[in-house]
Amino acid sequence: MSTMPLLRIVPPVVRAARRPQRMLERQMMCYRNTWPILLSGFFEPLFYLLSIRVGIGKLVGDVTVGNHVLTYAEFVAPAMMASSAMNGAVYDSTMNVFHKLKYARTYDAVLATPMGIGDVALGEIGWALVRGLLYATAFLMTMAVLGLTSSWWVLISLPVCVLIGFAFAAVGMASTTYMRAWTDFEFVPTVTMPLFLFSATFYPVSSYGSWAWVVQLSPLYHGVALIRAANAGTASWGIVGHVVFLLTMAFAGLWVVSRRLQFLLLK
Amino acid sequence: MSANPTHRTSGAPGIREPLIHAEGLVKKFGAFTAVDGIDFDVQPGEAFGFLGPNGAGKSSTMRMIGCTSPISGGTLRLFGLDPATHGREIRKRLGVVPQLDSLDSELTVEENLIIYGRYFDLSRAEARRRAGELLEFVQLSDRAKSRVEPLSGGMKRRVTIARSLINQPDLLLLDEPTTGLDPQARHILWDRLYRLKQQGVTLVLTTHYMDEAEQLCDRLVVMDAGRIAAEGSPRRLIEQHATREVLELRFPAGANAENEHFAIGLGERHELLPDRVLVYVNDGDQALASVIAAGAKPESALVRRSTLEDVFLHLTGRTLVE
């Protein structure tokens, strides 16, 4: 197994994971007690999309991308979907993980059993993906109800949201392992806010002119581009680049997470 | 009760393989040496203790035994296996009660036990069955559906013990199981641990309470500054390192040192503490009579049996709990 080139990008302790699904099971148990929290995931996109369609969309008018003419709401909806996937993953992998890591000693208890670092890392990131998939489904249903979907290809946006979630959850969890106190989390919006605003979310990347290359460094930009392509049902070679960018980010995050958890929990 | 261990022994018949074997065991954190080359063996069915003050290296040793802290030097084997290569297999057979509570505050008492069983690959039904039995064993069946947070410290500790037994461990590790608990909660806990011991569960515990060590341990090592200062049964350690009785003399505040001379030559030896003078003798009452006859005027005097505290004081010159 370990000699397969594709698997070399997976850190050894993660390859050694045998039961990451137990961490998911734990999360499901937690949410069995507090499931109404999950409902919040349905309302957020509804409010976003309504406000854009009813308000801003009317002021802005249509947007032309390539040779497609889209209403503003149709243009923005995929970006909102990508941002919501990012925010959910970041939230789960920062605050929630920090609490378990530093205060609840949840992972210490887990590691006293046959579970390993890889199980914890994969399980926790995996949960961010499961939750992300639930929220993305809710978002997509809302989009469809509001008439903002253009083709059946839009269903591909669901796995795309999982990919966005994977990338941001891995990097989010990696950053969390460096946090010393709750106050350090004030840096999180400092990063996610500009990503949300400047990832070709509210206007096409062409509007940035010669600064477009900066936008292309934003991981969220690649997520937005993928969901826009899915919604429009247009395929291009650029898609491969977007996917590779997000996968690279995800596996880099996973490397750091597994090393840091080992350093912090098994010293 | 389901906490009945099956001791797997291997090797030649008649030779009991120790459950834990440590030789020259070292733990370093950067330049700091927490455990400085210790040797010990723990046999199946034994209750084995590490007695020492805070910072003696007890918890570091426990974490190495629990396979959650890599050793920095020496040899460590559990069930004949090396933690560095067989951590998962070893942890499958361990029960761990950590010093700091690590119960899952997002789950109920019962769910805490069930998910822990799942970490050990028990089926859901089996985990649920054992959780019920174990909560009964720690007398918390009525709190099964409660969240963990509102429970008292003693109750949380009992839940943690129940949780540590979910995999029917061959070896139970308890790191300062009663630190911070009130006397009543401690006695309940001791009673449960004593029952486990009677069922044949091998216990390894750390403590800085000599009464706990005396109550629970068949054999113990006294640790100080990362080293083992003495080893034996509580009784034997007292016999070796202390006298039968101790006369405690308390003089007015600040006058203990100037009255120290009354203790000299009275018994085998004496210790001057900030608040009292301890005289190690075989007959405490007789010693007290001689002190009074010599003209000493202590504010109070007490004759008591020697304890492990005296052993520790003798070995290290310091008391266990400062």
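Residues numbered from 1 in each chain as written. Chains lettered and ligands numbered in written order. Predicted model: local features only at pLDDT ≥ 70, side-chain atom pairs only at ≥ 80, totals over all residues. Heavy atoms only, no water.

Participant: Give a detailed account of the overall build of chain A, specifying residues and quantitative values.
Facilitator: If you tally the helices and strands in chain A, you get 11 helices and 2 strands. Taken from the N to the C terminus, the helices and strands of chain A come in the order α-α-α-β-β-α-α-α-α-α-α-α-α. In terms of C-alpha radius of gyration, chain A reaches 19 Å, essentially the compact-globule figure of 18 Å for 267 residues. If you line up chain A on its principal axes, its C-alpha atoms span 60 × 40 × 35 Å. Taken over 267 residues, chain A has a buried fraction of 52%. Restricting to contacts in chain A with at least 6 residues of sequence separation, those with at least 24 account for 78%. Split by element, the accessible area of chain A, about 12500 Å² in all, is 72% carbon and sulfur. Side chains of chain A give 18 positive and 10 negative charges; the mean places of these two sets differ by 8 Å. (Helix = DSSP H or I, 4+ residues; strand = E, 2+ residues; numbered from the N terminus. Rg over C-alpha atoms; globule rule 2.2 N^0.38 Å. Buried < 20%, exposed > 50% of the residue type's maximum accessible area, 1.4 Å probe, protein only. Contact = heavy atoms within 4.5 Å. Areas by Shrake-Rupley, 256 points an atom, 1.4 Å probe, with all protein chains shown as cover. Lys, Arg positive; Asp, Glu negative; His and termini not counted. Charge placed at Lys NZ, Arg CZ, Asp CG, Glu CD.)

Participant: How would you explain the environment of A:Val54 if you had to name every residue and give the values?
Facilitator: Considering the arrangement of structural elements, one finds A:Val54 in helix 3 (residues 36-60). It is 29 Å that separates the C-alpha atoms of A:Val54 and A:Pro159, two residues lying 105 residues apart in sequence.

Participant: Please set out the nonpolar core residue by residue, giving values where relevant.
Facilitator: Counting residues in each nonpolar core, the largest one holds 153 residues, and the members touching the most others are B:Ile20 and B:Phe40. For this core, the element with the highest residue contribution is helix 4 (residues 72-103) of chain A, accounting for 16 residues. Apart from the residues within four sequence positions on either side, B:Ile20 is in contact with B:Phe40, B:Asp41, B:Val42, B:Ile65, B:Leu76, B:Arg77, B:Leu78, B:Leu171 and B:Val204. Grouped together as the second largest cluster of nonpolar side chains are 12 residues, B:Phe251, B:Ala263, B:Val277 and B:Ala287 included. (Core = buried A, V, L, I, M, F, W, Y, C linked by side-chain atoms within 4.5 Å.)

Participant: Any details on helix 4 of chain A? Residues and values, ideally.
Facilitator: Residues and elements named next belong to chain A. Taking 1.5 Å per residue, 32 residues should reach 46 Å; helix 4 reaches 45 Å between its end C-alpha atoms and fits that length. Of all bends in helix 4, the biggest is about 30°, found at Val-97. Extensive coverage of helix 4 is indicated by the burial of 25 of its 32 residues. Immediately downstream of helix 4, the backbone of Arg-105 shows phi near 50°, a positive value. (Expected span 1.5 Å × (residues − 1). Bend = angle between axes of the 7 residues up to and from the residue.)

Participant: Mind laying out the packing of helix 10 (residues 219-232) of chain A against helix 11 (residues 238-265) of chain A, listing which residues take part and the relevant values?
Facilitator: All names here are of chain A. Running from N to C, helix 10 and helix 11 cross one another at 140°; their axes reach a closest spacing of 9 Å. Considered as vectors, helix 10 and helix 11 are oriented oblique to each other. Crossing of helix 10 against helix 11: the hand is left-handed. On helix 11, the residues touching Pro-219, Tyr-221, His-222, Gly-223, Ala-225, Leu-226 and Ala-229 of helix 10 are Ile-239, His-242, Val-243, Phe-245, Leu-246 and Met-249. Here the residues of the contact of helix 10 with helix 11 sort into 10 nonpolar, 3 polar and no charged. (Axes fitted to C-alpha atoms, helices over the stretch in contact; angles between N-to-C directions. Parallel < 35°, antiparallel > 145°, perpendicular 65-115°, else oblique. Left-handed = near helix turned anticlockwise from the far one by under 90°. Nonpolar A, V, L, I, M, F, W, Y, C, P; charged D, E, K, R; others polar.)

Participant: An account of the pairing of strand 10 (residues 245-250) of chain B is needed here, citing residue identities and associated values.
Facilitator: All names here are of chain B. Counting buried positions over the 6 residues of strand 10 gives 5, a clear majority of the element. Here strand 10 runs beside strand 12 (residues 277-281); their pairing, made up of 5 bridges, is antiparallel. Counterpart to Glu-245 in the pairing with strand 12 is Val-281. Looking at chain direction, strand 10 and strand 13 (residues 300-305) are connected through 6 bridges and run antiparallel. (Pairing = 2+ DSSP bridges.)

Participant: Help me get a handle on the interface of chain A and chain B, residues and values and all.
Facilitator: Taken together, the contact between chain A and chain B spans 30 residues of the former and 29 residues of the latter. Inspection of the region where chain A meets chain B yields 8 salt bridges. Between B:Arg88 and A:Asp119 there is a salt bridge, with its nearest N and O atoms 3.5 Å apart. Along the contact surface separating chain A from chain B lie 16 residue pairs in polar contact (both at pLDDT 80 or more). Where the side of chain A that touches chain B is concerned, the elements lending two or more residues are helix 2 (21-34), helix 4 and helix 5 (106-111) of chain A. Within the side of chain A that touches chain B, the residues separate by chemical class into 14 nonpolar, 6 polar and 10 charged. (Salt bridge = Lys/Arg side-chain N within 4 Å of Asp/Glu carboxyl O. Polar contact = N/O pair within 3.5 Å; in protein donor to acceptor, adjacent residues only side chain to side chain.)

Participant: Help me get a handle on the domain arrangement of chain B, residues and values and all.
Facilitator: Much of the literature gives interface size as the accessible area that the parts lose upon coming together. Under the domain assignment used here, chain B contains domain 1 (20-232) and domain 2 (243-305). One C-alpha centre belongs to domain 1 of chain B, the other to domain 2 of chain B, and the line joining them spans 39 Å. (Domains from an automatic or database assignment.)

Participant: Which residues make up the sheet that holds strand 10 of chain B, and what values do they have?
Facilitator: The strands that make up a sheet are held in pairs by hydrogen bonds between backbone atoms, and each pair lies either parallel or antiparallel. Residues and elements named next belong to chain B. The strand order across the open sheet built from 4 strands is 11-12-10-13, with neighbouring strands paired in antiparallel fashion. Sheet topology places strand 11 (269-272) and strand 13 at the edges, where each strand pairs with a single neighbour. For this sheet, the mean inter-axis angle between neighbouring strands, taken without regard to orientation, is 20°. Seen against the sheet, helix 10 (residues 308-316) touches strand 10, strand 11, strand 12 and strand 13 and runs at an angle of roughly 100° to strand 12.

Participant: Quick rundown of the packing of aromatic side chains? Include the residues and the values.
Facilitator: All names here are of chain A. This structure, assessed with the given rule, holds 17 aromatic pairs over all chains. Measuring from ring centre to ring centre gives 5.7 Å for Phe-166 and Phe-251, while their planes differ by 75°; the resulting arrangement is edge-to-face. Pair noted here: Phe-166 is in helix 7 (residues 157-176) and Phe-251 is in helix 11, with a separation of 85 residues, a long-range link. For the pair formed by Phe-166 and Phe-251, the shared burial category is buried. When the centroid spacing of 5.6 Å and the interplanar angle of 40° are considered together, the rings of Trp-182 and Phe-185 count as tilted. Put simply, the rings of Phe-98, Tyr-103, Trp-182 and Phe-185 pair up and form one aromatic cluster. (Phe/Tyr/Trp six-rings, centres within 6.5 Å; stacked < 30°, edge-to-face > 60°.)

Participant: Account for the pattern of salt bridges, naming residues and giving values.
Facilitator: For the coordinates displayed, the defined rule picks out 39 salt bridges over all chains. A:Arg180 is the partner of A:Asp184 in a salt bridge, and the nearest nitrogen-oxygen pair spans 3.2 Å. The buried category is assigned to A:Asp184, whose relative accessible area is 9%. Looking at A:Arg180, the relative accessible area reads 64%, which means it is exposed. Measuring nitrogen to oxygen at the nearest pair gives 3.5 Å for the salt bridge that ties B:Glu176 to B:Lys58. Taken as a pair, B:Glu176 in the loop between strand 6 (171-175) and helix 6 (183-198) and B:Lys58 in helix 1 (residues 58-65) lie far apart in primary sequence, 118 residues in all. One exposure class covers both B:Glu176 and B:Lys58, and it is buried. What emerges from the salt-bridge pattern is a single network uniting A:Arg19, A:Arg22, A:Glu25, B:Lys92, B:Arg118, B:Asp121 and B:Arg124.

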